[in-house]
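Read off the chains here:
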Amino acid sequence: MIYKNRTMPNILKALQALNKRLPRNHTKKNIIEKELYSSRAGYAGELELDTYMTDYNPTHPYALLNDLYLHINGVYFQIDSLLITPTAFIVIEVKNYAEKTVVTKNPIQFIKVYKNGDRKARPNVINEVNRKIQHLEKWLNKRNIQPHIEGLITFAQTNELSFESPNPGMKILSTDEAPAYLESLSTQSSTLNEESIHNIAIDLAKHHEEYNPFPLVARYGIKPSDIMPGVLCPSCLQLGMKWNREKWNCQCGHKGKVEHLHTIGEWFMLIQPTITNREFRYFTRLANQNVARTLLKKSGLQKLGEKRTSHYIQRKQSLI
Ligand SMILES: [Zn+2]
């Protein structure tokens, strides 16, 4: 049974917002577009695995947790999918690369091969998964669980793969092959019963934290003033809705009362975790201070400070 579902990662939401609000000629535009592309591809690969995993139907109990972000001894680690069966914990890593990947032997490397034949080493995915396994082992040891943990690397179905080593040290499959492979794993020497699997899965899900990459201007060294202000129209996806007659109005004809909420969310993701009345007016291009006060009051934010020092923050658990 699935104990944790996957949702769109915060970094992807924020990169989409940043890319839209960063002028075309900005020096960081290229980097942001690349990061957005790879983040989108990664998420698409993970969703593809989720779709195939709906075919996973073993006769034994199991727990599946998608996109887990945990920490142990001050170290954070993320697992794309964690499967718990009666015999093993399986750390599943999903990759989705545009270029062909060759897995070499002696030494084992993941080589990116461009269309023109150029080659460039990628980070070693096996080492990446092994680090996650070590962290997970420590996390479980702390709870008096001595686990048997395995790694599984899956590549999105469209990825071109080539192996120079028949046995690179960890199972590497295409996402569509994952369910059948996982079902074929033996559960003869089982150590966990249904109740233990359930309890561990609940504990893992409870300790999951949302990865917080905000604000993006600090992460990428972008000046806040370079971020284009304006309320985004959900209909035509252009910035620049105008407040008039108690509504946001777009040139395309769309009208609405709550479009500033999304804009505030983007402010927190991109610029900083607090917003003042003045900053709200700047970012929504709203002239009227009293209207701004009313909209901020009704926006579900927490107000801190009084008069000149007053500002708003997000309430906990309401991240974007
Ligand atoms: Zn519009």
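Note that the coordinates shown come from a computational prediction; the quantities given were computed from them, not determined experimentally.

Visitor: Explain the packing of helix H7 (residues 259–270) against helix H8 (residues 277–284) to me, please; I cannot follow it from the model alone.
Guide: Each pair of packed helices gets described by two things: the angle between the helix axes and the distance between those axes. It is at 10 Å that the axes of H7 and H8 come closest, and there the two elements cross at 110 degrees. Taken together, the axis directions place H7 and H8 in an arrangement best described as roughly perpendicular. When H7 is examined against H8, the residues His-260, Thr-263, Ile-264, Glu-266 and Trp-267 are found in contact with a partner set consisting of Glu-279, Phe-280, Tyr-282, Phe-283 and Thr-284. In terms of residue class, the contact of H7 with H8 is made up of 5 nonpolar, 3 polar and 2 charged.

Visitor: What's the story with the layout of surface pockets in this structure? I'm lost.
Guide: Gaps left between atoms show up when a probe the size of a water molecule is rolled over them. Here the largest pocket defines a volume of roughly 1,500 Å³. Going through the elements one at a time, helix H1 (10–21), helix H2 (29–53), strand E2 (63–72), strand E3 (75–84), strand E4 (89–95), strand E7 (119–122), helix H3 (125–141) and helix H6 (216–220) are the ones with two or more residues in the lining of the largest pocket. Sort the elements by how many residues they give to the lining of the largest pocket and H2 lands first, with 9 residues. Partitioned by chemical class, the residues of the lining of the largest pocket number 16 nonpolar, 8 polar and 16 charged. By volume, the second largest pocket is sized at about 330 Å³. Lining the second largest pocket are Thr-276, Asn-277, Arg-278, Arg-281, Gln-289, Arg-293, Lys-303, Glu-306, Lys-307, Arg-308, Ser-310 and Tyr-312. Top element by residues in the lining of the second largest pocket is H8. It accounts for 3 residues.

Visitor: What exactly am I supposed to notice about the UniProt feature "domain: NERD" (unreviewed entry) in the chain here?
Guide: Residues annotated by UniProt as "domain: NERD" (unreviewed entry) correspond here to residues 41–159. Secondary structure content for residues 41–159 is 25% helix and 39% strand, and the end C-alpha separation is 11 Å.

Visitor: When you look at the environment of Glu-259 in this model, what are you seeing that I'm missing?
Guide: Relative to the helices and strands, Glu-259 is located in helix H7. Residue classification places Glu-259 among the buried residues on the basis of a relative accessible area of 10%. The residues contacting Glu-259, other than those within four sequence positions of it, are Val-231, Leu-232, Pro-234, Met-241, Trp-248 and His-254.

Visitor: Sorry if this is basic, but what is going on with the domain arrangement of the chain here?
Guide: Its domain assignment divides the chain into domain 1 (2–207) and domain 2 (229–313). Put simply, the middle of domain 1 and the middle of domain 2, counted by C-alpha atoms, are 38 Å apart. Taken together, the contacts link 6 residues of domain 1 with 10 residues of domain 2. When domain 1 packs against domain 2, the two sides together hide about 640 Å² of surface, and 65% of this comes from carbon and sulfur. If you look at where domain 1 meets domain 2, you find 2 salt bridges. Between Glu-266 and Lys-20 there is a salt bridge; the shortest N-O distance is 3.0 Å. Counting across the interface, domain 1 meets domain 2 through 3 residue pairs in polar contact (both at pLDDT 80 or more). When its residues are assigned to classes, the side of domain 1 that touches domain 2 shows 3 nonpolar, no polar and 3 charged.

Visitor: Where do I start with the coordination of the zinc ion in this structure?
Guide: In this structure, Cys-233 (SG), Cys-236 (SG), Cys-250 (SG) and Cys-252 (SG) serve as the protein donors to the zinc ion, at separations of 2.3 Å. Coordination geometry of the zinc ion: the 4 donor atoms subtend angles of 104 to 116 degrees at the metal centre, consistent with an arrangement described as tetrahedral. Between consecutive donor residues of the zinc ion, the sequence gaps follow C-x2-C-x13-C-x1-C. With Cys-236 in the loop between H6 and strand E11 (242–244) and Cys-250 in the loop between strand E12 (247–249) and strand E13 (255–256), this pair connects stretches of sequence that are 14 residues apart. Using a relative accessible area of 27% as the deciding quantity, one classes Cys-236 as partly exposed.

Procedures and definitions
- Residues numbered from 1 in each chain as written.
- Predicted model: local features only at pLDDT ≥ 70, side-chain atom pairs only at ≥ 80, totals over all residues.
- Heavy atoms only, no water.
- Axes fitted to C-alpha atoms, helices over the stretch in contact; angles between N-to-C directions.
- Helix = DSSP H or I, 4+ residues; strand = E, 2+ residues; numbered from the N terminus.
- Parallel < 35°, antiparallel > 145°, perpendicular 65-115°, else oblique.
- Contact = heavy atoms within 4.5 Å.
- Nonpolar A, V, L, I, M, F, W, Y, C, P; charged D, E, K, R; others polar.
- 1 Å grid on protein atoms, 1.4 Å probe; cavity = no way out; pocket = protein on both sides within 12 Å on 5 of 7 lines; lining within 4 Å.
- Points joined across faces, edges and corners; volume = space filled by probe spheres on them.
- UniProt positions renumbered as here; feature names shortened; annotations may be inferred.
- Buried < 20%, exposed > 50% of the residue type's maximum accessible area, 1.4 Å probe, protein only.
- Domains from an automatic or database assignment.
- Buried area = accessible area lost by both parts, 1.4 Å probe.
- Salt bridge = Lys/Arg side-chain N within 4 Å of Asp/Glu carboxyl O.
- Polar contact = N/O pair within 3.5 Å; in protein donor to acceptor, adjacent residues only side chain to side chain.
- Donors = N, O, S within 2.8 Å, 3.2 Å for Na, K, Ca; no water.
- Tetrahedral: all angles 85-135°; square planar, octahedral: opposite > 155°, others 65-115°.

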